Amino acid sequence: MAIRPGMDARQAQIEGKIQEYFEAAANQDFARAQQVCCTAEWRARYPLETWKHNFYGVTDLRIVGAPRYLQIQDDLVVVENDYTFVSGGVRRNFTLRWKFTPVNGEWQGDMAEAFPTA
């Protein structure tokens, strides 16, 4: 991942995790997708065997554009990224709003909410 002007180490780590998450999910490596991005609590809320069903029938999953930081605090970062995929033969566009928290010196996603965009 390229470091953008004005990006700090925390943002670089978070954006790297988002990138790894999408790469793993696009390759249908759902266990890796959860592992690279998310807290143990998040993984407990969304067990792999149930959560991976969200991706059935999904192809061409990819990030679109740069992330948008909505909130940056010492113990919380809220960031959105847009993404696109094909499902049922139709291109769909969504935004994923992440909440990252520090866990043992590493920023991990503790919440991720997806919603459709125009």
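As the structure is a prediction and not an experimental result, all values here were calculated from the model.

Draft legend 1. Just the overall build of the protein chain, in detail. On a plain count of helices and strands, the protein chain comes out with four helices and four strands. Computed over its C-alpha atoms, the radius of gyration of the protein chain comes to 14 Å, within 12% of the 13 Å expected for a compact globule of 118 residues. Of all intrachain contacts in the protein chain linking residues separated by at least 6 positions in sequence, the fraction that spans at least 24 positions is 44%. Accessible surface, the protein chain: about 6600 Å² in total, of which carbon and sulfur atoms supply 50%. For the protein chain, the centre of its 13 positive side-chain charges and the centre of its 15 negative side-chain charges are spaced 5 Å apart.

Draft legend 2. The arrangement of the nonpolar core in detail. With 25 residues, the main nonpolar core has Tyr 21, Phe 22, Leu 61, Trp 98 and Phe 100 as its most contacted residues. Among the elements of the structure, helix H1 (9-26), helix H2 (30-37), strand E1 (58-72), strand E2 (77-87), strand E3 (90-103) and strand E4 (106-116) are those that each provide at least two residues to this core. With six residues, H1 is the single largest residue contributor to this core. Every residue in contact with Leu 61, bar those within four places of it in the chain, is listed here: Phe 22, Ala 25, Ala 26, Phe 55, Tyr 83, Thr 84 and Phe 85.

Draft legend 3. Inspection of the packing of H1 against H2 at higher detail. Packing of H1 against H2 brings their axes to within 7 Å, and their N-to-C directions diverge by 170°. Accordingly, the angle class assigned to the pair H1 and H2 is roughly antiparallel. Touching Lys 17, Glu 20, Tyr 21, Ala 24 and Ala 25 of H1 are Phe 30, Arg 32, Ala 33, Val 36 and Cys 37, all from H2. Its residues placed into classes, the contact of H1 with H2 shows seven nonpolar, no polar and three charged.

Draft legend 4. Spatial organisation of unusual backbone geometry. One non-glycine residue, Gln 28, lies in the positive phi region at around 60°. For Gln 28, a relative accessible area of 54% gives the class exposed. Although it is not a glycine, Asp 60 adopts a positive phi angle of roughly 50°. Of note, Asp 60 is situated in strand E1.

Draft legend 5. Region of interest: the pattern of salt bridges. In total, this model carries ten salt bridges according to the counting rule given. It is possible to trace a salt-bridge network through shared partners that takes in Arg 68, Glu 80, Asp 82 and Arg 97.

Draft legend 6. Inspection of the sheet that holds E4 at higher detail. With antiparallel pairing, the four strands of this open sheet are ordered in space as E1-E2-E3-E4. In this open sheet, the two edge strands, each paired with only one partner strand, are E1 and E4. Each strand of the sheet is rotated relative to its neighbour by a mean of 25°, with strand direction disregarded. Where E2 meets E3, eleven bridges bridge the pair, whose relative direction is antiparallel. Each residue of the ladder has a partner; that of Glu 80, found in E3, is Arg 97.

Reading the values: rules and limits
Residues numbered from 1 in each chain as written. Predicted model: local features only at pLDDT ≥ 70, side-chain atom pairs only at ≥ 80, totals over all residues. Heavy atoms only, no water. Helix = DSSP H or I, 4+ residues; strand = E, 2+ residues; numbered from the N terminus. Rg over C-alpha atoms; globule rule 2.2 N^0.38 Å. Contact = heavy atoms within 4.5 Å. Areas by Shrake-Rupley, 256 points an atom, 1.4 Å probe, with all protein chains shown as cover. Lys, Arg positive; Asp, Glu negative; His and termini not counted. Charge placed at Lys NZ, Arg CZ, Asp CG, Glu CD. Core = buried A, V, L, I, M, F, W, Y, C linked by side-chain atoms within 4.5 Å. Buried < 20%, exposed > 50% of the residue type's maximum accessible area, 1.4 Å probe, protein only. Axes fitted to C-alpha atoms, helices over the stretch in contact; angles between N-to-C directions. Parallel < 35°, antiparallel > 145°, perpendicular 65-115°, else oblique. Nonpolar A, V, L, I, M, F, W, Y, C, P; charged D, E, K, R; others polar. Salt bridge = Lys/Arg side-chain N within 4 Å of Asp/Glu carboxyl O. Pairing = 2+ DSSP bridges.

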